[in-house]
Structure formats: structure tokens, C-alpha cells
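Take a look at the letters that make up each chain.
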Amino acid sequence: MNVPPAALLNKTKKVFIGLPAPLGYVAGVGRGATGFTTRSDIGPARDASDVSDDRHAPPAKRNKKQEEEEDLNDANYDEFTGYGGSLCNKDPYDKDDEEADAIYDSIDDRMDEKRKEYREQRRREELENYRQERPKIQQMFSDLKRDLAQVSENEWSSIPEVGDARNKKQRNPRMERFTPLPDSVLVRNMGGETVTAIDPSSGLASMMPGTNTVGPGMVTPSGDLDLRKIGQARNTLMGLKLSQVSDSVGGQTVVDPKGYLTDLQSMLPQYGGDINDVKKARLLLKNVRDTNPNHPPAWIAAARLEEVTGKVQSARNLIMKGTEMCPKSEDVWLEAARLQTPDMAKAVIATAVRTLPFSPRLWIKGANLEIETKAKKKVYRKALEQIPNSELLWKYAVDLEEEEDAKILLSRAVECCPTSVDLWLALAKLESYENGRKVLNKARESNPKDRNIWITAAKLEEANNNAVLVSKIIDRAINTLVANMVELNRDQWIKDAVEAEQSGSVLTCQAIIKHIIGHGVEEEDRKHTWMEDADSCANQGAYECARAIYAHALAVFPKKKSVWLAAAHFERSHGTRESLEALLQQAVTHCPQEEILWLMGAKSKWLAGDVPAARSILALAFKANPNSEEIWLAAVKLESENNEYERARRLLAKARSQAPTPKVMMKSAHLEWALNNLDLAKKLLDDGLKQFSDFPKLWMMKGQILDQEGALDAAWDVYREAVKKCTQSIPLWSLLAALEERRGRATTARATLEKSRVRNPMNDQLWLLAVRLEIRLGNKEVARSLMARALQECPSSGLLWASSIFLEDHARRKSKSVDALKKCQDDARVVLAVANMFWMDGRKNKAREWFNKTVKIDPDLGDAWAWFYKLELVSGTKEQQQEVEDRCVKADPRHGEHWQSVSKHIFNWRKRTHEILKLVADKLPIPTPTCQLY
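Because the structure is a prediction, the values reported are computed rather than measured.

Quick notes on the pattern of salt bridges
The full count for this structure, using the stated rule, is 42 salt bridges. Across the pair Glu781 and Arg784 runs a salt bridge, and its minimum N-O distance is 3.5 Å. A residue pair is termed a helical-turn pair when its members lie 3 or 4 positions apart in one helix, as Glu781 and Arg784 do in helix H42 (residues 780-793) at 3 residues. Ionic contacts of the salt-bridge type, sharing partners, join the residues Arg304, Glu307, Glu335 and Arg338 into one network.

What follows is the structure, encoded as C-alpha cells:
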């Protein structure tokens, strides 16, 4: 019972004041009081709706059988606890017991819920471990099941059946052979008598002595039967039946007696549906026709239903009746002409045009039914006499005429249809320049709101070398259309410009872009919108339109670096070198502080072989951007690439004195290292590390130079000091671990990689280095365990997933690759791993497709190009090898583990892209199932 807090403060107040009475409480029951009834009471003292007092219910009777089954054996007795079993087993189970059990159950559930999550997790882990140790057969063959999806129907049907354990007779059952008996045997047995003697003529009598006696009457049949006559009678009966079925029309028999079965087969309806559905549809359409006989779709639908079911004649009859009921419907007439034979169709169309002489569709159908061109022209001329204002009829008629006759027809056509822009434009194309201008002027007067006439006029002027008038015509067109309240659709005008470029009218497309590109664009959205329009035009191949958009954008935003860069990239991809250099010259005039524009211009000159021009551009760039690191380094690269090492040294010395930066110090040391001046390079590196001790590339170069000289201990000291200064540099940790492994200190290398992972958590490169270390040491199981931990920490790392594929056994690589593609679908490294896996299996065409996917996803990944080139070297043609090489040079990749190991090597510092590609491809192994690629 819960005691109120007030009762604890007030000792005089009773604790039961304010609480409800307990169940079954009767006031004064302790003093002997009981419930009573009076004469006014009817029924029991308690209300019928009161809750019964089950607490004081009589105890339930115990089953006698349960008492007899109680185990009182000495083996079940204990001196302390007594007999086994429940102590309260004999007591009744009342509500107090039920309430207590419910409380204990709730406590047990609560305690169980606290440990539920841990218990379920432990159970899942145990199950996963068990599944890994003892995989199901279904899991072991899952990769083979996936391959079944690629099995064709022919391959499936060619799979041999399983062996049959039955004997030869059961496996190859033969049909029972029946030998026809001669008629003499049938005649002999027609009487139904039993032969009890051997026939003397059979030859058996001479073999069995004493059997030459034949009973009387045994060989004489009771009747005479001629089977040949029975066959003749059967043929006669079949001929009579065929004669009854045949229907003579004009003395010819419709049914062929010899091939009537073939004819019946050809008469089967081609409709494959349920015949009951056809009957329902036929009945429904009949009700529609009866209800509204002047409804043309009902007749057409009924005729098509009969046509589908193979009753063409019924369809014709229905549609002809429809023409009687709906003579003003051209659809019914056209359907009737379609269902009839060509000759009958002409008659139907002739009746139709007499009924509906102003229907162009009927006249066109009639012309299409004619075979000769002369007859078609005659039909169209009759049609134009009836309907002279039909633009469609004029077009069909003009298409059949020669150029001179077409010009005459079009002159008449524009008089009859002055609002037809197509007819005006067709006439203008056939006329001479002067007459074409007059025609277009008349067309503008008749159609002042149409833009196509103005665009055609601009194309006409451009074709006749009147470039000045092109822009004026487009400008006047836009002003005139706006004055006539015509809403200008900017996208439609840009589409017209693209079409004009495709037709060869470059000036027209440029004029359209110039006057329409700024229409309807908010001022703050102009740059973004114009860049999108230029990209869209470039994607459609409309390079002149894109160039015109960039020109207009540069005129509006001459100081915007991004617009100049976008235009420069466009010219580099789709323009010429001259156009790119001219654009960059304008760019540096408007934006002299933008270093990248100067560098692009200098590189263009350098690639063209004009080194003095490149030097002059860089000199101008120095004046505009004094002490610029990028321009200093570009000048050094230009001189070093052209074997001007002394000039490069002087430039670097001047840069170190005026603009000492880490990159300048690094390039200075790199040049000396490349020229094999190792002492000077180390001195420069020491000077650089005094100023920039946190720049990791200086430490790496110093350690690599010492390694090259063979001073491994000094190199190790440099790397140890470097990782303390630059803890976030992954290449430094990698070089340190590799050096320790080469010195035979595998344990130290493992500890170094563990320390690097602590300093740089969630780094997939460090995890992969640890995995490879264990593989080289022969600890493949440890490597797999490390890879599992790595994938848990970096679940979306394509580098780790690609390596994990080849860490598995060959049978499980396919399933692993499927998981990798699900996790990293667009990762180039995973796609590259799948391509190599196809190459291992000998599926070279499939591997080539996946290599193509890889280089499209990430064209900067040099490893993908190297593997692709390796495939073509092994199994491709010269043309395929050259194609991959050209694509690689165009992409100019910079990244990739194998690629960088070759391109960054000091002896390859002047190698070009195609040379590095061949070096990397030679270094790569040919993939085999036992080859460890990653």
C-alpha cells in the first residue's frame, strides 16, 4: 500500500483516510456485523454489477490423479529440503499468487532486456564466425549461380542429361512391331471355328509324324470376303462426301478434294484471343450501332473486329454499310478504302470525294492509290480546284513537280494561302537573289509575326556575301516582333541559331546569339546562364554558337577570370592554336594579374615550338606580377626543358633571393639532383629545411638522395626526424616503413605503420601498406584480418575494396567484386580491379570494355591507362595500341601508384606522357589467377 506523504508528517491522521476501500470490505465485519436485507430489498444484498470477491472464493479441488502421481520415493528425498518439487504444490493458486508471478515475470523481463542487446550481438558474432568457418554449400557456389544468368537458351539446352541407372531395355524402349497378316488368314478365321489340326500346306506336317489327318470342315470358311472391294468402296464413299461438300460456281469446284485439309488450315482465324470475348465485343458493337447508327467510330470498330478475327469480307460489308449510314465522315470512307482491294478502293474514294469534295485527306488517299506520277498530279489538280486554300494539298502537289513547274505552282500557292510560311520560304529558295528578296518582303507583309521569314532573309543575305545586312535583319526582326506583341522564346531562338550553324550560316547564328542571348535573363543570373548556354551548345556540336556566347559574355564581363578561363578551355578543346593564343592575348590585356592566363599563353607558344615567344610572354608576366612563384617556376621549367640549365639556375637563384618559397627551394634542389649534383642538392635542401621545416617534400628528397648514395642509416635518421615534424604526411610514413623493411626490420616497420595509423586515423593508404607488408612476410591470414579491420574503418574506400578482391581465393573473387561494386560503384580503382579480373579469366573483350569504363570515370588515373595499354600490347592490334596511346596523351594523367613510381623517378624527370606510358606498361605483370596485383 502506498502511504501519502502527508501521513508521514501528521501522526494523528489515519493512513487510510482518503483511500478506496479494499475489495470485499464490509464495514464492522470485525465486530461480527454482516450484510442483511429488508422487505424493500429484492435480490441479494450486493449489486449485480459489483465485482465478485474472488479472493475469498473457495479453494479449487485438487485432482486426485495429481496427488497419486506425487513422487515420494527415497531417491527424491533430501534431509534439508525434503521431497523434491514445489513446497506449495498442494495449495490453491489464487490471485495473490498470480499477482506475485506477474511481478517476478516483469522483473525477469526487465533484467533480461538489459542484457538483450549484448546477448543478441554476441549471438550474431558467433553465427558469423560459424558461417565463415563452415559456409553453406549455397554460399560456396553463389558466384557460379550468378554466372547462370549469362547462359543462353542454346547453351542451356546443350547441357547433357544426368546418367540413367535403368537397364538398356528400359532406357531405349522400342515401339511394338506389328506385322500385317495376309487376307487369307483373315478369311480363314471369319467363320469363328477353331483349328485343331495342322494345315498340310504349311510344311509342319512333314516335321511331325502322325499328324497328317485333318478334321472335316476345318479348312472351309463359312463365308466369302473380298478385302480389295472393301477398300474400293471406302474410296467411293469419301468421294461422295467430298462431292456433297463442294460448291460448284461456274463449273469449278471450290473445295480441292486432294488438299482440303491444307485449305482448312489456312482458313483458321489469326486472332489468338478467347472466342467468347469476340462474341461479347461483336454483340456490344452491334448494340452501339443499333442505338446510334450515325456514330462513325462504332462502324469502324466493328469492321476492325471482323478484320482481326479473319472475316475480311464481313468487315468490308460492315464498313460499306457504315458509309451509307455516315456519309459525311471521312474516317469511315478512309477505313472503307483501306479494307478494299486497290481497284475497289479507287471506286470507294471516287464516291467519297463526290460526297465530301472539300476533304483534303480523301484527295490525298486517292492520289496515293494511283501508281503513275501523271495520275497523281491529275488528282491533286482536281483537288486544288475544289480546295484552293489547302496548304497540305499544295505541298504534295509541289513535291511532284520539277523546279520550273514547282515555281509556277508556288506562285499560285502563295496567292491562295498567303499565311503559309512554308510555301513562301519554298518559293524564295527557288527564286533568284533579287526575286527571293521580293518574295520574302511580301511574306513579311503577310506574316508579320513569324520569325522564320526574318531568319531566312538573313541566311539569304549571308549566302550572297552581304555580311553587314545579316546583323541588321536579325536586330530589326526582334524589334518588329516585339512591336507586334510577340513573346520571344529565348530557347527557341538559340535552337534556330544552332540549326543555322548546322546549315552553314555562321554569321546568321552569331547574329541571333548576339541579339537574343541577353533577352529575358536577370542581371545577377547572366554569367551563370550564359556559361550553361555555352556548354549546352558545345555539347550539341554547335561550336560557333558557343564561341559567340563566350564573346558576348567577355564583352559584358571583361574582368572576370572565370569567363576567360572557360573561353580558353573551350578554344583549347574545340578551336585552333591561333584562336587560343589570340584569346589569351586579349585575356592578359584585361586581367594582367591572373597568372594562369599568362602561363597558358606561354605553354601554347612552347608546345608550338616558339620558345622565344614563350620567354617574351613570361617576361611580360614578370612585369605584371613581380615575385610570382608560379611564373618563376614556369620560366625555370621552360629553360630546363630546352636544355638551358645555366639560365634555369640563374632564374632559381634570383627567385630564392627575391621570393624564397618552399616550392622554389624544392625545384632548385630537384634541378641539381636531376643533373647529378648531389652535394649541392643536399646543401640546398638543408638551407630549405632551416626555413621550411614543415614542408614534407624537402625531407623526402633529402632521404631519397641519401638512399641513392647508399647511406641507409642517415636516410633513416632523416625520415625519423621528418615524421616528427610532418606527422600528417603519408608518403613520409610510407618511405620510413619501406626503408625499415629493406633493412630487415619487419617488426619495426609494422610498429611504424601502426603508429602512423594512430596519428592519421581512417587513412586507407596506411591500412593498405600494412596489409601488403603482411603479404610480403607470408602472413596471408593476418593480412586478411587487417583488411577486414580496414574496411570497417574505411567502408567506402575504393583503394581497399580493389585490393580486397585479389586478397581472396580465385573462386571467391567474383562475389567479392560484386560487393565492392555495390559499395563503390563509381570508383575507378574498383572498376579497374574488375577489368583485371576479367583479363585473368581470359575474357579480353569484356576486360577491354571495363578498361574503357575506368578511363572514362577517371582519365587522370595513370594506372588505368597503363593496364589498358598492356592489354592491347598483349592481345590488341597496332591500331588499338595507337588509339590508347593517343587518348592517354590527350588525357595527360598525373596520378596512380605505378604511374607516379615511374614518373616521379629522378631518371625520368624529362620523360613525356607516351614514354612514361610504355615504361609503366613494361613494368606491369600479365594478370594470372595466382598473380597478386595489389
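There is more to say after this.
Describing unusual backbone geometry
Here Met762, not a glycine, exhibits a phi torsion of approximately 60 degrees, which is positive. Take Met762: it is sitting in the loop between helix H40 (746-759) and helix H41 (764-776). For Met762, a relative accessible area of 59% corresponds to the exposed category. Phi is positive for Asp892, which is not a glycine, with a value near 50 degrees. Mapped onto the secondary structure, Asp892 falls in the loop between helix H48 (878-891) and helix H49 (897-903).

Brief notes about a positive patch on the surface
Taken together, the side chains of Arg572, Lys603, Lys637, Lys667, Lys697, Lys904 and Arg912 present a region of like positive charge at the surface. Considering the arrangement of structural elements, one finds Lys667 in helix H35 (residues 662-674). For Lys667, a relative accessible area of 38% gives the class partly exposed.

Quick word on the layout of surface pockets
Empty space within the second largest pocket amounts to approximately 1,300 Å³. Residue lining of the second largest pocket: 31 residues in total, with Gln132, Glu808, Arg812, Lys816 and Asp819 positioned closest to the centre. Taken together, the residues of the lining of the second largest pocket break down into 9 nonpolar, 8 polar and 14 charged.

Re the packing of helix H17 (residues 360-369) against helix H18 (residues 373-386)
The N-to-C vectors of H17 and H18 enclose an angle of 165 degrees; their axes lie 8 Å apart at closest approach. The orientation of H17 relative to H18 falls into the category roughly antiparallel. When the axes of H17 and H18 are compared, the crossing they make is right-handed. Contacts between H17 and H18 involve Trp363, Ile364, Gly366, Ala367 and Asn368 from the former and Lys376, Val379, Tyr380, Lys382, Ala383 and Gln386 from the latter. For the contact of H17 with H18, a count of residues per class yields 6 nonpolar, 3 polar and 2 charged.

Quick notes on the packing of aromatic side chains
Aromatic ring pairs: the centre-centre distance and the angle between the two ring planes describe each pair. Summed over all chains, the structure comprises 9 aromatic pairs. With a centroid separation of 6.0 Å and an interplanar angle of 55 degrees, the aromatic rings of Trp530 and Phe557 are classed as tilted. Of this pair, Trp530 sits in helix H27 (residues 526-539) while Phe557 sits in the loop between helix H28 (543-556) and helix H29 (561-574), placing them 27 residues apart in sequence. Looking at Trp530, the relative accessible area reads 1%, which means it is buried. With a centroid separation of 6.4 Å and 40 degrees between ring planes, the pair formed by Tyr645 and Trp909 is classed as tilted. Here the residue Tyr645 occupies a position in helix H34 (residues 645-658), and Trp909 occupies one in the loop between H49 and helix H50 (913-923), the gap between them amounting to 264 residues. On the basis of relative accessibility, which here comes to 22%, the residue Tyr645 falls in the partly exposed class. Ring pairs connect the aromatic residues Trp839, Phe851, Trp867 and Phe868, which therefore count as one cluster. Positioned above the aromatic ring of Trp299, the side-chain terminus of Arg289 is 5.4 Å from the ring centre.

Reading the values: rules and limits
Residues numbered from 1 in each chain as written. Predicted model: local features only at pLDDT ≥ 70, side-chain atom pairs only at ≥ 80, totals over all residues. Heavy atoms only, no water. Salt bridge = Lys/Arg side-chain N within 4 Å of Asp/Glu carboxyl O. Helix = DSSP H or I, 4+ residues; strand = E, 2+ residues; numbered from the N terminus. Buried < 20%, exposed > 50% of the residue type's maximum accessible area, 1.4 Å probe, protein only. Patch = residues over 30% accessible without salt bridge, like charges linked within 9 Å, V, L, I, M, F, W, Y side chains within 5 Å. Areas by Shrake-Rupley, 256 points an atom, 1.4 Å probe, with all protein chains shown as cover. Lys, Arg positive; Asp, Glu negative; His and termini not counted. Charge placed at Lys NZ, Arg CZ, Asp CG, Glu CD. 1 Å grid on protein atoms, 1.4 Å probe; cavity = no way out; pocket = protein on both sides within 12 Å on 5 of 7 lines; lining within 4 Å. Points joined across faces, edges and corners; volume = space filled by probe spheres on them. Nonpolar A, V, L, I, M, F, W, Y, C, P; charged D, E, K, R; others polar. Axes fitted to C-alpha atoms, helices over the stretch in contact; angles between N-to-C directions. Parallel < 35°, antiparallel > 145°, perpendicular 65-115°, else oblique. Left-handed = near helix turned anticlockwise from the far one by under 90°. Contact = heavy atoms within 4.5 Å. Phe/Tyr/Trp six-rings, centres within 6.5 Å; stacked < 30°, edge-to-face > 60°. Lys NZ or Arg CZ within 6 Å of the ring centre and 35° of its normal.

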